[in-house]
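Here are the chains, one letter per residue:
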Amino acid sequence: MEGLFPEIANTNNRISTPAVLPRRSTHAHHKHRREVHKKEQTFLDFGQRLLEPKPCQQCGMTYQRGRKEDESLHTKFHRAWQRRQTKLLSWAAELQRALDILNVANEHLGAVRLELADLEQRQRKIFLYISPKGQVEGCILAEAIESAWRVVAARGTAPGPAGPENNHTTVEHAREPCPAICGINRIWVVPHARRCGVASQMIQAVCKQFVYGCIIDSSSIAFTQPTSDGRALAQRVFKRSDFLVYAED
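Just so we're clear, the structure is a prediction, and the values are computed from it rather than from any experiment.

**Quick word on the packing of aromatic side chains**
Working step 1: Under the definition given, this model contains 2 aromatic pairs.
Working step 2: An angle of 80° between the planes, with centres 5.8 Å apart, marks the rings of Phe223 and Phe238 as edge-to-face. With Phe223 in strand S9 (residues 221-223) and Phe238 in helix H5 (residues 228-238), the pair connects residues that are 15 residues apart, well separated along the chain.
Working step 3: Here Phe223 and Phe243 contribute two aromatic rings whose centre-to-centre distance is 6.3 Å and whose plane-to-plane angle is 70°, an arrangement assigned as edge-to-face. With Phe223 in strand S9 and Phe243 in the loop between H5 and strand S10 (244-245), this residue pair connects regions lying 20 residues apart in the sequence.
Working step 4: Among the aromatic residues, ring-to-ring pairing joins Phe223, Phe238 and Phe243 into one connected group.

**Quick look at the confidence of the model for the protein**
Regions with low pLDDT carry predicted coordinates that are not meant to be interpreted in detail.
Working step 1: In this model, the protein carries a mean pLDDT of 77, and residues with pLDDT of at least 70 account for 69%.
Working step 2: When the criterion is pLDDT under 50, residues 1-17 qualifies, and its contacts beyond four places in sequence or with other chains add up to 3 contacts.

**Examining the pairing of strand S4 (residues 136-144)**
Working step 1: Counted residue by residue, S4 has 7 buried out of 9 residues, so it is predominantly covered.
Working step 2: Relative to S4, strand S3 (residues 125-130) runs antiparallel, the two sharing 6 bridges. Note that in S4 the partner of Ile126 across the bridge is Leu141.
Working step 3: Between the end of S3 and the start of S4, which pair antiparallel, lie 5 residues, with Gly134 showing a positive phi angle near 85°.
Working step 4: Relative to strand S8 (residues 182-189), S4 runs antiparallel, the two being bridged by 7 bridges. Among the inter-strand pairings, Cys139 is bridged to a residue of S8, identified as Trp188.

**A look at the pattern of salt bridges**
Working step 1: Here the structure, examined in full by the defined rule, presents 5 salt bridges.
Working step 2: A salt bridge links Asp242 to Arg240; the nearest nitrogen and oxygen atoms lie 2.8 Å apart.
Working step 3: Residue Asp242 is classed as partly exposed on the basis of its relative accessible area, which comes to 26%.

About the criteria used
- Residues numbered from 1 in each chain as written.
- Predicted model: local features only at pLDDT ≥ 70, side-chain atom pairs only at ≥ 80, totals over all residues.
- Heavy atoms only, no water.
- Phe/Tyr/Trp six-rings, centres within 6.5 Å; stacked < 30°, edge-to-face > 60°.
- Helix = DSSP H or I, 4+ residues; strand = E, 2+ residues; numbered from the N terminus.
- pLDDT = per-residue confidence, 0-100.
- Contact = heavy atoms within 4.5 Å.
- Buried < 20%, exposed > 50% of the residue type's maximum accessible area, 1.4 Å probe, protein only.
- Pairing = 2+ DSSP bridges.
- Salt bridge = Lys/Arg side-chain N within 4 Å of Asp/Glu carboxyl O.

What follows is the structure, given as structure tokens:
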């Protein structure tokens, strides 16, 4: 019997039970399974060269080709970029057209032709008057200024509306400058539309739109050295003979 049951015989008739390992709790077991499931392989590595984000040659957005989220974002951005480019091209074409119209007025006024680069000086802007029939009947070239001078009446004449007897091409002004915001560099109206309020409406548009979000008071607008017609217009629009003038560079 001792040979058949050595463990029982050597323990003085005490039967030993096999050791039982502690059982892992159900909570810990599920936690371990969740951690295993979290480790998902999203990119198969076969030793190939990794794709690096590269910029789009047109819109300039940097994104990773082949990645769904990046492809979707790039598509939206690219379409928005194309719409902006269309608007910019349209705006540039309209600006060139406005400049061509202004240069027609320059020929009638005996002024120098301007280029697009000239409009960048002094924040210059072109205003056009379009008739109900869709025809351009007037234009203004406005620019940003900081100061101007009050016109003084010519000697021997009293301040008042200009007329044939006050047909001056030069004006005298005070020595002390006044603060100003906008200068009317050029203003022109087609002959058949003059004295119909076209020039006054264009100046009102300049007051409302020259500075974004701000209406300029007419007392802050000045003319360059006006002709007799320009002086009459300034007195009519500003309702005073001592309107502001400024020197054109």
